[in-house]
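Results of the structural survey
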Amino acid sequence: MMQIESQLSQLRLYGMSRSWKALTETRRQHELTLSEGLELLLQAEEQERTNNRFERLRKNARFRYQASVEELHLDASRGMDKGLITALATGEYLSKGESVLITGATGCGKSFLASALGHQACAQGYKVAWYNLQKLLLKTKISRIEGTIFKFFESLAKTDLLILDDFGLTHLEQQQQLDLMEMIEDRHGKSSTIIASQLPVANWYDVIGEETIADAILDRIVHTSYRIELKGESLRKKR
């Protein structure tokens, strides 16, 4: 028995190893047929690898909140459409490269909702990256100075879901406009983007600034996106 457990560990079949150990400790292995035991061990290994992949994707995403769709309060009076949230939770928008725009006042739950959708995407095996927009644009500036900007843009383009939080806190400078345009263009029709903002979508044009770039960016993210407009007073006040 110890030899089997040792061999499973050497082969890095950790899920199977733990399951086998549990079976031997409870002396259940003799109650199972070969096919039943093998099925149980394989299921344990599959679950182990799924959990490890989720943890790796979750850690790399660097979410603002550790949230899940199960924790969301789907209150229609706050703009939380149960049907839409349920549809987004299936991940179909990710396979189609569609975007989600979340707007609402400070503290109404935009970032929490975006993080919950991001966690759900990780659970489904998608690569996710969460960024505060201003910090992301600062990172592009540093990458340009270091000469790694093309590599950074390439990395972002390969991300299945890019979450941009706090969009519209300040007006964009010329290079920031171009950088945002580059990101959106690389993802258009191929990968999904979630944008969370305190400002209504109608005000985004002014925040971006330059007319031609604003037209190009908004044309790619607004017309084919899902809209969630959160309402009500700040949830932080209720705490």
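You'll find the structure just up there.
Okay, so let's go over this structure. This structure is a prediction, so every number in the text was calculated from the model and none was measured.

**Observations regarding the overall build of the protein**
Looking only at helices and strands, the protein has twelve helices and five strands in total. Its C-alpha atoms give the protein principal-axis dimensions of about 70 × 50 × 30 Å. Residues classed as buried in the protein amount to 44% of the 239 residues present. Put simply, of all contacts in the protein between residues at least 6 apart along the chain, 80% involve residues at least 24 apart. The positive charge centre, built from 32 side chains, and the negative charge centre, built from 32, are 5 Å apart in the protein.

**A look at a negative patch on the surface**
A cluster of acidic residues, Glu210, Glu211, Asp215 and Asp219, forms a negative patch at the surface. Inspection of the secondary structure assignment puts Asp215 in helix α11 (residues 211-221). Under the relative-accessibility criterion, Asp215 is labelled partly exposed at 41%.

**Here we look at the packing of helix α7 (residues 133-146) against helix α9 (residues 174-187)**
Two measures define how a pair of helices packs: the angle their axes make with one another and the distance between the axes. Taken N-terminus to C-terminus, the directions of α7 and α9 make an angle of 100°; their axes are 10 Å apart at the nearest point. Looking at the two axes, α7 sits roughly perpendicular to α9. Facing Leu133, Gln134, Leu136, Leu137, Thr140 and Arg144 of α7, the residues of α9 in contact are Gln175, Gln176, Asp179, Leu180 and Met183. For the contact of α7 with α9, a count of residues per class yields five nonpolar, four polar and two charged.

**Points about the sheet that holds strand β5 (residues 226-229)**
The strands that make up a sheet are held in pairs by hydrogen bonds between backbone atoms, and each pair lies either parallel or antiparallel. In spatial order, the strands read β2-β3-β4-β1-β5; together these five strands make up an open sheet with parallel pairing. Each of the sheet's edge strands pairs with one partner strand only, and the pair in question is β2 (128-132) and β5. Across the sheet, the axes of successive neighbouring strands diverge by a mean angle of 10°, strand direction being ignored. Pairing analysis gives five bridges linking strand β3 (residues 161-167) to strand β4 (residues 192-197), with the strands arranged parallel. Within the sheet, the bridge partner assigned to Phe167 lies in β4 and is Ser197.

**Observations regarding the environment of Gln124**
Topologically, Gln124 is positioned in the loop between α6 (110-123) and β2. Classification of Gln124 by relative accessible area gives partly exposed; the value is 31%. Considering only alpha carbons, one finds Gln124 and Arg53, 71 residues apart in sequence, at a separation of 9.7 Å. With residues up to four places along the chain from it excluded, the contact list for Gln124 reads Ala89, Thr90, Gly91 and Leu94.

**A word on the packing of aromatic side chains**
Going through the model one piece at a time under the given rule, you end up with two aromatic pairs. Between the aromatic rings of Phe167 and Trp204, the centroid separation amounts to 4.8 Å while the plane-to-plane angle is 55°, which identifies the pairing as tilted. In this pair, Phe167 is assigned in strand β3 and Trp204 in helix α10 (residues 204-208), connecting sequence segments 37 residues apart. With relative accessibility at 0%, the residue Trp204 sits in the buried group.

**Describing helix α2 (residues 14-25)**
For α2, built from twelve residues, the straight-helix expectation of 16 Å at 1.5 Å per residue is met to within 8% by its first-to-last C-alpha distance of 16 Å. Residues Gly15, Met16, Ser17, Ser19, Trp20, Leu23 and Thr24 constitute the buried set of α2. Once α2 ends, the next one or two residues include Arg27, with phi positive near 55°.

**Here's the deal with the packing of α9 against α11**
Where α9 contacts α11, the two axes come as close as 10 Å, and the packing angle between them is 30°. Relative to α11, the element α9 is oriented roughly parallel. Crossing handedness for the pair α9 and α11: left-handed. Where α9 approaches α11, its residues Gln177, Leu178, Leu180, Met181, Ile184 and Glu185 are matched on the opposing element by Ile213, Ala216, Ile217, Arg220 and Ile221. Taken together, the residues of the contact of α9 with α11 sort by class into eight nonpolar, one polar and two charged.

Conventions we followed
Residues numbered from 1 in each chain as written. Predicted model: local features only at pLDDT ≥ 70, side-chain atom pairs only at ≥ 80, totals over all residues. Heavy atoms only, no water. Helix = DSSP H or I, 4+ residues; strand = E, 2+ residues; numbered from the N terminus. Buried < 20%, exposed > 50% of the residue type's maximum accessible area, 1.4 Å probe, protein only. Contact = heavy atoms within 4.5 Å. Lys, Arg positive; Asp, Glu negative; His and termini not counted. Charge placed at Lys NZ, Arg CZ, Asp CG, Glu CD. Patch = residues over 30% accessible without salt bridge, like charges linked within 9 Å, V, L, I, M, F, W, Y side chains within 5 Å. Areas by Shrake-Rupley, 256 points an atom, 1.4 Å probe, with all protein chains shown as cover. Salt bridge = Lys/Arg side-chain N within 4 Å of Asp/Glu carboxyl O. Axes fitted to C-alpha atoms, helices over the stretch in contact; angles between N-to-C directions. Parallel < 35°, antiparallel > 145°, perpendicular 65-115°, else oblique. Nonpolar A, V, L, I, M, F, W, Y, C, P; charged D, E, K, R; others polar. Pairing = 2+ DSSP bridges. Phe/Tyr/Trp six-rings, centres within 6.5 Å; stacked < 30°, edge-to-face > 60°. Expected span 1.5 Å × (residues − 1). Left-handed = near helix turned anticlockwise from the far one by under 90°.

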